[in-house]
Amino acid sequence: MAKLDVEITVNGARHKLEVGSQERLLDTLREQLKMTGTKEGCSVGECGACTVIVDDQAVNSCLVLTAQVDGSEIITVEGLESKSGLHPLQKAFIEKQAIQCGFCTPGMLMSALALLNTNPTPTKEEIKTALEGNLCRCTGYQQIIDAVEMAAEEWGV
Amino acid sequence: MVEYQLLRAHSLEEVLEILTEKKKVQILAGGTDLMVDLHQQDPKFENIDYLLDITDVAELKGIKLGPEEGEIGALTTHAELLSSPEIKEKLPFIGAAASSIGSTQIRNRATIGGNLVNAAACADSFSPLIALGAELVLRNKGGARRVLLEDFVEWPNQTVLKDNEVLEKIVFKMPQGEYHSSYQKIGRRNAVSISRLSLTLLAEVENEAIKNIQVVSGAATPAPVPFREVNKYLTAKTFAEIDPAEAGEIAADEMVGITGERWSTPYKRPALSKLVERAVKDLLEEAGYNG
Ligand SMILES: Cc1cc2nc3c(=O)[nH]c(=O)nc-3n(C[C@H](O)[C@H](O)[C@H](O)COP(=O)(O)OP(=O)(O)OC[C@H]3O[C@@H](n4cnc5c(N)ncnc54)[C@H](O)[C@@H]3O)c2cc1C
Ligand code: FES
Ligand code: FES
């Protein structure tokens, strides 16, 4: 079946790619671009492990075909760390022990980043709403919410 | 795996062209229903040859609320609805329904048109739009037709949309004068299905009395329907004459009349009764009436 040409920007770098009709954004990131930070959990939009940011919005990359986001700017968990070190969100997740097995963490970080990018001073309720599509089987969520609150405080200044 | 070729349309004309020329085409919007069905190899989609992505079609997007009439483009996402200041001010029950759907990630992609065309029995966009008396504009290459939303769904997951048609927009008359509304929902989509109930109440009021009212069920009945008996009970009553608990009982009886006694009835009956009671109390409170 004919391949489709797409151009996407991932974590600031442009990629010209050929993608299959059935290729999900999740597949392109993990298999073509070898960015395996984004995880596949349920594959049906329930768990949020595959969350990435597309044009400033958190989306489930298991439910989006790559060809649908031709021309978009995408941010994945690999985009957080910079030359100056870990991102405040990453530091806060470590500090608050918001990571146990770590499988949900990339998705949690992306949902939290999408929130803080548009709303740098969220309430607890707003944090919960932003994270309601991300399941965690280990932590019980409280540490994760604390970490996002801490990152907001430190990053906001 | 279902094999298909993906096509992308960039204008409404292109959509209609492709729907006319090609056979076995399935429209793809936010994909939050369709991508799940494809992943789970739903036999309904076994025979498709093409997926037609319409997410880039600007003509299908946007919210326009005039003084008399309003319209919502089929591709408008639930996130856009819940963050629209116009919706919040004029049709808050639509925003409330949108904010109750899925999760942030789902709402960012999922569209109101996809919710209606997918037509799940528990789809949350129906009751607020039926309360408005909304019509759907279904378009093919030859032109457009309007279908009352109440008549759109034949049975769960089956609508009157034809293969060569696209849902373009939802149109409705704006409520007039002083009006109040309430959207109520209990339970989540994935929780056991008996715990799912929702409803919309929309009332035009005048001189401390109800002029027009629509109470519409969400997941209480197989297809969302107006509760005609409750509407009859409440219409033309003054606020002082209304007993919210009685309205709840009438609605519950009406639901059981539609669905028959089922294993879930002992749960659903009192739950619906309370939801309607709460919606009517909200209405009276919002209208500034305190008994
Ligand atoms: C985790 C999760 C949670 C969810 N929670 C809820 C919830 O709480 N409440 C709820 O109501 N729904 C829920 N849903 C279902 C879904 O998100 C909604 O029904 C959504 O609005 C569908 O829109 P879409 O744009 O994603 O549709 P798509 O999946 O793209 O399409 C759905 C169907 O509509 C057709 N279609 C789409 N647009 C058009 C158009 N303009 N013209 C003609 N045909 C069209 C498609 O061909 C397909 O058959 C949930 C889904 C998931 C995965
Ligand atoms: S893998 Fe995408 S939501 Fe679970
Ligand atoms: S840390 Fe294990 S799932 Fe969240």
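Bear in mind that the values here come from a model prediction, so they are computed numbers and not experimental data.

1. Digging into the overall build of chain B
A tally of regular secondary structure across chain B gives 11 helices and 13 strands. For 291 residues, the compact-globule estimate of 2.2 N^0.38 gives 19 Å, and chain B sits close to it at 20 Å. By principal-axis analysis of the C-alpha atoms, chain B measures approximately 60 × 45 × 30 Å. By the burial criterion, 54% of the 291 residues in chain B qualify as buried. Pairs at least 24 residues apart make up 63% of the contacts formed inside chain B by residues separated by at least 6 positions. Looking at chain B as shown, the accessible area adds up to about 13100 Å², and 49% of this sits on carbon and sulfur atoms. Placing the 32 positive and 43 negative side-chain charges of chain B at their respective mean positions leaves the two points 3 Å apart.

2. As for the packing of aromatic side chains
In total, this model carries one aromatic pair over all chains according to the counting rule given. Positioned above the aromatic ring of Tyr233(B) is the side chain of Lys237(B), whose terminal nitrogen or guanidinium carbon lies 4.1 Å from the ring centre.

3. Topic: the sheet that holds strand S7 (residues 143–148) of chain B
Residue and element names in this part refer to chain B. Taken together, five strands build an open sheet; the order of strands is S4-S5-S10-S6-S7 and the sheet is antiparallel. The sheet is open, and its two borders are formed by strand S4 (63–65) and S7, each paired with just one other strand. The mean angle between the axes of side-by-side strands here comes to 20°, regardless of whether they run parallel or antiparallel. Packed onto the sheet, helix H1 (residues 12–21) meets strand S6 (135–140) and strand S10 (166–173) and runs at close to 125° relative to S10.

4. Here we look at a negative patch on the surface
Taken together, the side chains of Asp5(A), Glu18(A), Asp70(A) and Asp56(B) present a region of like negative charge at the surface. Here Asp70(A) shows up in the loop between strand S4 (57–60) and strand S5 (73–75).

5. As for the domain arrangement of chain B
Residues and elements named next belong to chain B. According to the domain assignment, chain B consists of domain 1 (5–53), domain 2 (60–173) and domain 3 (178–286). Here the C-alpha centroids of domain 1 and domain 2 sit 19 Å apart. Domain 1 puts 13 residues into the contact, and the matching count from domain 2 is 17 residues. For the domain 1 and domain 2 pair, buried surface summed over both sides reaches about 1200 Å², with 64% attributable to carbon and sulfur atoms. Broken down residue by residue, the surface that domain 1 buries against domain 2 is led by Leu12, Leu16 and Thr32, which jointly contribute 36%. At the boundary of domain 1 and domain 2, one finds one salt bridge. A salt bridge links Lys141 to Glu17; its shortest N-O distance comes to 3.5 Å.

6. A look at the interface of chain A and chain B
Counting residues at the interface gives 30 residues for chain A and 29 residues for chain B. Between chain A and chain B, the buried area comes to about 2300 Å², and carbon and sulfur atoms account for 51% of it. On the chain A side of the contact with chain B, Gln22(A), Leu63(A) and Gln68(A) bury the most area, a combined 29% of that side's loss. Our count for the chain A to chain B interface comes out at one salt bridge. The partner of Glu132(A) in a salt bridge is Arg107(B), with the nearest N and O atoms 2.9 Å apart. Across the chain A-chain B interface, the total number found is 13 residue pairs in polar contact (both at pLDDT 80 or more). When contributions to the side of chain A that touches chain B are tallied by element, the ones reaching two or more residues are S4 and helix H4 (124–131) of chain A.

7. Focus on the pairing of strand S1 (residues 4–10) of chain A
All names here are of chain A. Of all seven residues making up S1, five are buried, and the element is well covered by its neighbours. Sheet topology note: the S1/strand S2 (residues 13–19) ladder contains seven bridges and is antiparallel. Among the inter-strand pairings, Val10 is bridged to a residue of S2, identified as Ala13. Hairpin connection from S1 to S2: two residues lie between these consecutive antiparallel strands, with Asn11 at a positive phi of about 50°. Bridge count for S1 against S5 is two bridges, and the pairing is parallel. Across the sheet, the residue bridging to Thr9 is Glu73, located in S5.

8. Observations concerning the sheet that holds strand S13 (residues 209–217) of chain B
Residues and elements named next belong to chain B. The sheet built from three strands is open, its strands ordered S11-S12-S13 with antiparallel pairing. Both outer strands of the open sheet, strand S11 (178–186) and S13, are each paired with one neighbouring strand and no more. Strand-to-strand twist across the sheet, computed as the mean angle between neighbouring axes with direction ignored, equals 10°. Direction of pairing for strand S12 (residues 197–206) relative to S13: antiparallel, over a ladder of eight bridges. Among the inter-strand pairings, Glu204 is bridged to a residue of S13, identified as Asn212. Across the sheet, helix H5 (residues 92–99) lies against S11 and S12, angled at about 15° from S11, the strand it touches most. The sheet strands contacting helix H11 (residues 265–286) are S11, S12 and S13, and the helix crosses S12 at an angle near 30°.

9. With respect to the packing of helix H10 (residues 244–259) of chain B against H11(B)
Residues and elements named next belong to chain B. Running from N to C, H10 and H11 point in directions that differ by 140°, and their axes come no closer than 7 Å. Here H10 lies oblique to H11, going by the angle between them. Judged by the sense of rotation from one axis to the other, the crossing of H10 with H11 is right-handed. The segment H10 lies against H11, with Pro244, Ala245, Ala247, Gly248, Glu249, Ala251, Ala252, Asp253, Met255 and Val256 engaging Thr265, Lys268, Arg269, Leu272, Ser273, Val276, Glu277, Val280, Lys281 and Leu284. Among the residues forming the contact of H10 with H11, the class breakdown is 11 nonpolar, three polar and six charged.

10. Concerning the environment of Ile210(B)
Residues and elements named next belong to chain B. Structurally, Ile210 is set in strand S13. Look at Ile210 and you get buried, because its relative accessible area is 3%. When the C-alpha atoms of Ile210 and Leu284 are compared, they prove to be 10.0 Å apart, with 74 residues separating the residues in sequence. In this structure Ile210 touches Glu204, Val205, Leu234, Thr235, Ala236, Lys237, Phe239, Ile242 and Leu283, once residues within four positions along its chain are discounted.

Conventions used here
- Residues numbered from 1 in each chain as written.
- Chains lettered and ligands numbered in written order.
- Predicted model: local features only at pLDDT ≥ 70, side-chain atom pairs only at ≥ 80, totals over all residues.
- Heavy atoms only, no water.
- Helix = DSSP H or I, 4+ residues; strand = E, 2+ residues; numbered from the N terminus.
- Rg over C-alpha atoms; globule rule 2.2 N^0.38 Å.
- Buried < 20%, exposed > 50% of the residue type's maximum accessible area, 1.4 Å probe, protein only.
- Contact = heavy atoms within 4.5 Å.
- Areas by Shrake-Rupley, 256 points an atom, 1.4 Å probe, with all protein chains shown as cover.
- Lys, Arg positive; Asp, Glu negative; His and termini not counted.
- Charge placed at Lys NZ, Arg CZ, Asp CG, Glu CD.
- Phe/Tyr/Trp six-rings, centres within 6.5 Å; stacked < 30°, edge-to-face > 60°.
- Lys NZ or Arg CZ within 6 Å of the ring centre and 35° of its normal.
- Pairing = 2+ DSSP bridges.
- Axes fitted to C-alpha atoms, helices over the stretch in contact; angles between N-to-C directions.
- Patch = residues over 30% accessible without salt bridge, like charges linked within 9 Å, V, L, I, M, F, W, Y side chains within 5 Å.
- Salt bridge = Lys/Arg side-chain N within 4 Å of Asp/Glu carboxyl O.
- Domains from an automatic or database assignment.
- Buried area = accessible area lost by both parts, 1.4 Å probe.
- Polar contact = N/O pair within 3.5 Å; in protein donor to acceptor, adjacent residues only side chain to side chain.
- Parallel < 35°, antiparallel > 145°, perpendicular 65-115°, else oblique.
- Left-handed = near helix turned anticlockwise from the far one by under 90°.
- Nonpolar A, V, L, I, M, F, W, Y, C, P; charged D, E, K, R; others polar.

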